[in-house]
Amino acid sequence: MGTLASVEDLSLYIHFPYCERKCPYCDFNSHVRQRIPEEEYVRAILWRLRCHGEVFADRVVRSIFFGGGTPSLLSAGSVSRIIDGAARYFSLCSDCEITLEANPSSYESSRFSFLRSAGVNRISLGVQSFDDSSLRFLGRLHDSKQARIALEHASGIFPRLSFDLIVCLPQQSDAALKRELNAALSYGSEHLCVYQLTLEKSTEFYRRFRKGELSLPSARRSSEIYRLVEEELSLHGYASYEISSYARTPMARSRHNLVYWRYGDYVGVGPGAHGRLRLSGDMFSTLETRSPERWLRQACSLDSVIEKRWRLSAREQYMERLLMGLRLREGLPRAFFSSRALKFIDDLRLIGYCENVFTRVCLSLEGRLRLDTIVSELSDLLDAEDMLEIDFYEEDLSLGILSNG
Ligand code: SF4
């Protein structure tokens, strides 16, 4: 069992904005540059951590997440300096989860043991597929052989391993999907993320789609694929605890991502990084400058403009909490909803989209397939009654929800 999370806990997200190549489906703040200014980047991150540490020194940090971009392009020495900096400016709990996202190229996997020595205890590998033609379609630099080697290598080095798959590729058959899942299951990792390929504006795939050069499976086919993934993974002992995330045990869940979904506090540093922070009873959203070059310039001149910070209205908080909370299998406390919303939820239960509505409101598999529609209906029902002064996070804690489980 994990230790009980507290409203005073904090997580740190560190964004590394560089990649070796831009994948055609990716709309993250990731950029390809001839030279990665690693030393300047590390110094800037340390400055940003120090700024937040001056305000939040009394909070206990329970997770650190290096995301990107491709943070495995950082040297182990740089990762170690950042982790040491975090320990200097904050209090890290003794079992702090430290995750780093990595691509399974041979160059990166050759450095896993150094990353482990630097303090990384959980690796999240962007495998995406075990099929070479799918990997080429997705514009990935690695092939299936490299993915397999990286997985074997990582599982011998890191105490905790997760990897990502992308499904719902054009014309993906049930047989092809099962081959992917069987390959994934053969590694027995404690955690898996299975994402459906979506078309995001500003991506190469979106441009191809607009020109009629690319089409994705229909909504109906996507639902079939989602059901099949759920069925196969649960047959093999993976419980879905969030719409795309599967874990073999409660402790294998991503402690860091649970903070986002349960609307906990996190500091976000690095180009384009978001944060959510409670200060004097208000919830603030933070956003750092998006362009890596401008962010670095601002960091070098210790410019406070690097971070925008604004107070979230009660409605914004409610909507964020709703959207995040319903992604989780544990759902949201019933007390979160107004009587008007609860009537609608009771109707959802009758048609099988909701379950466990006595103390908490959780979406069933069929409900999760309709998450966007359900959230939109609930937001239409939103009135002042929904935004009573309830600290929803505290309420979850009083129900005894543990950090990872
Ligand atoms: S490696 Fe990841 S972050 Fe980088 S472009 Fe590809 S999907 Fe985006």
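About the cut-offs
Going along each chain's sequence as written, the residues are numbered from 1 onward. Totals for whole chains, interfaces and linings use every residue, but because this is a predicted model, local features are given only for residues with pLDDT of at least 70 and side-chain atom pairs only at 80 or more, for both listing and counting. Pairing between two strands is assigned when DSSP locates at least 2 bridges connecting them. Segments assigned H or I by DSSP are reported as helices when at least four residues long, segments assigned E as strands when at least two residues long, and all are numbered from the N terminus. To estimate how far a helix should extend, the number of its residues minus one is multiplied by 1.5 Å. Any residue with 12 or fewer other C-beta atoms within 10 Å of its own C-beta is exposed, any with 20 or more is buried, and the rest are partly exposed; the C-beta atoms used are placed from the backbone. This arc describes the spread of directions from the helix axis toward the C-beta atoms. What counts as a contact is two residues whose backbone-derived C-beta atoms lie within 7 Å of each other. A fitted line through C-alpha atoms represents every axis, and for helices the fit uses only the stretch in contact; the resulting angles, taken between N-to-C directions, go from 0 to 180 degrees. Convention used here: angles under 35 degrees read as roughly parallel, angles over 145 as roughly antiparallel, angles from 65 to 115 as roughly perpendicular, and any remaining angle as oblique. Crossing chirality is assigned from the near helix's rotation relative to the far helix, an anticlockwise turn below a right angle marking it left-handed and a clockwise turn marking it right-handed. Charged residues are taken to be Asp, Glu, Lys and Arg, nonpolar residues to be Ala, Val, Leu, Ile, Met, Phe, Trp, Tyr, Cys and Pro, and polar residues to be all remaining types, Gly included. Residue ranges for the domains trace back to a domain assignment, done automatically or taken from a database. pLDDT is a per-residue confidence score from the predictor, ranging from 0 to 100. Nonpolar cores are identified as sets of buried Ala, Val, Leu, Ile, Met, Phe, Trp, Tyr and Cys residues joined via C-beta atoms within 7 Å.

Undergrad: I tried to follow the sheet that holds strand β13 (residues 332–333) on my own but got confused; where do I start?
TA: Whenever strands of a sheet pair, they do so through backbone hydrogen bonds, lying parallel or antiparallel. If you walk across this open sheet you meet the three strands as β13-β15-β14, and the pairing is antiparallel. Strand pairing shows two members of the sheet lacking a second neighbour, β13 and β14 (354–355), which therefore form its edges. Direction of pairing for β13 relative to strand β15 (residues 360–363): antiparallel, over a ladder of two bridges. Note that in β15 the partner of Leu332 across the bridge is Val361.

Undergrad: Teacher, can you tell me more about helix α9 (residues 219–235) here?
TA: Since the α-helix turns once every 3.6 residues, residues separated by three or four places project in the same direction. For α9, spanning 17 residues, the distance from its first C-alpha to its last is 24 Å, which sits close to the expected 24 Å at 1.5 Å a residue. Every buried residue belonging to α9 is among Tyr226, Val229 and Leu233, and all of these are buried. Buried residues of α9, viewed axially, fall in a sector of 65 degrees; they line one side. In α9, the exposed residues that point more than 90 degrees away from the buried face are Arg220, Glu231 and Leu235. Buried residues along α9 sit in contact with β5 (160–167), α7 (174–185), β6 (191–196) and β8 (245–247).

Undergrad: How do you make sense of the packing of helix α1 (residues 38–56) against helix α2 (residues 76–89) when you look at a structure like this?
TA: Packed helix pairs are characterised by how far apart their axes lie and by the angle those axes make with each other. In contact at an axis separation of 9 Å, α1 and α2 are set at 15 degrees when each is read in the N-to-C sense. It follows that α1 is roughly parallel to α2 by the angle criterion. As α1 packs across α2, the resulting crossing turns out to be right-handed. Every residue of α2 that contacts α1 at Glu38, Val42, Ile45, Leu46, Leu49, Arg50 and Gly53 is listed here: Ser78, Arg81, Ile82, Gly85, Ala86 and Tyr89. Within the contact of α1 with α2, the residues separate by chemical class into seven nonpolar, three polar and three charged.

Undergrad: Is there a simple way to explain the domain arrangement of the chain in this structure?
TA: The parts lose accessible area when they come together, and the size of an interface is often stated as this lost area. Its domain assignment divides the chain into domain 1 (10–260) and domain 2 (330–398). In this complex, domain 1 contributes five residues to the contact, which on the side of domain 2 involves four residues.

Undergrad: Help me out: how do you make sense of the confidence of the model for the chain in this one?
TA: Parts of the prediction with low pLDDT should not have their coordinates interpreted in detail. On average, residues of the chain carry a pLDDT of 92, and 93% of them reach 70 or more. Between residues 1–5, whose pLDDT stays under 50, and residues either more than four places distant or in other chains, the model counts 12 contacts.

Undergrad: In this structure, what is going on with the environment of Thr99? I would like to understand it.
TA: Position of Thr99 among the secondary structure elements: in strand β3 (residues 91–102). The class for Thr99 is buried, based on 24 C-beta atoms found within 10 Å. Spatially, the C-alpha atom of Thr99 lies 21 Å from that of Leu287, the residues being 188 residues apart in sequence. Apart from residues lying up to four places away in sequence, Thr99 is in contact with Phe65, Phe66, Arg122, Ser124 and His256.

Undergrad: It is not clear to me how unusual backbone geometry should be interpreted in this structure. Could you clarify?
TA: Outside of glycine, negative phi angles account for most residues, and trans bonds account for most peptide bonds. Of note, the bond from Gly68 into Gly69 is cis; its omega dihedral lies within 30 degrees of zero at 20 degrees. Structurally, the position occupied by Gly69 is in the loop between β2 (60–68) and α2. With a phi close to 70 degrees, Gln128 is a non-glycine residue in the positive phi region. Its location among the elements puts Gln128 in strand β4 (residues 122–128). The backbone of Leu302 shows a phi angle near 50 degrees, a positive value even though the residue is not glycine. As for its position among the elements, Leu302 is in the loop between α11 (292–300) and β12 (307–311). A residue is classified by how many C-beta atoms lie within 10 Å of it, and Leu302, with 10 of them, is exposed.

Undergrad: For this particular structure, what's the right way to read the nonpolar core?
TA: Across soluble globular proteins, nonpolar side chains show a tendency to be buried alongside one another. Counting residues in each nonpolar core, the largest one holds 74 residues, and the members touching the most others are Ile14, Ile64, Val79 and Ala86. The element best represented in this core is α1, accounting for six residues. Those residues in contact with Ile64, other than ones at most four positions away along the chain, are Leu12, Ile14, Ile83, Ala86, Cys96 and Ile98. Membership of the second largest hydrophobic core comes to 14 residues, among which are Leu322, Ala341, Cys354 and Leu378.

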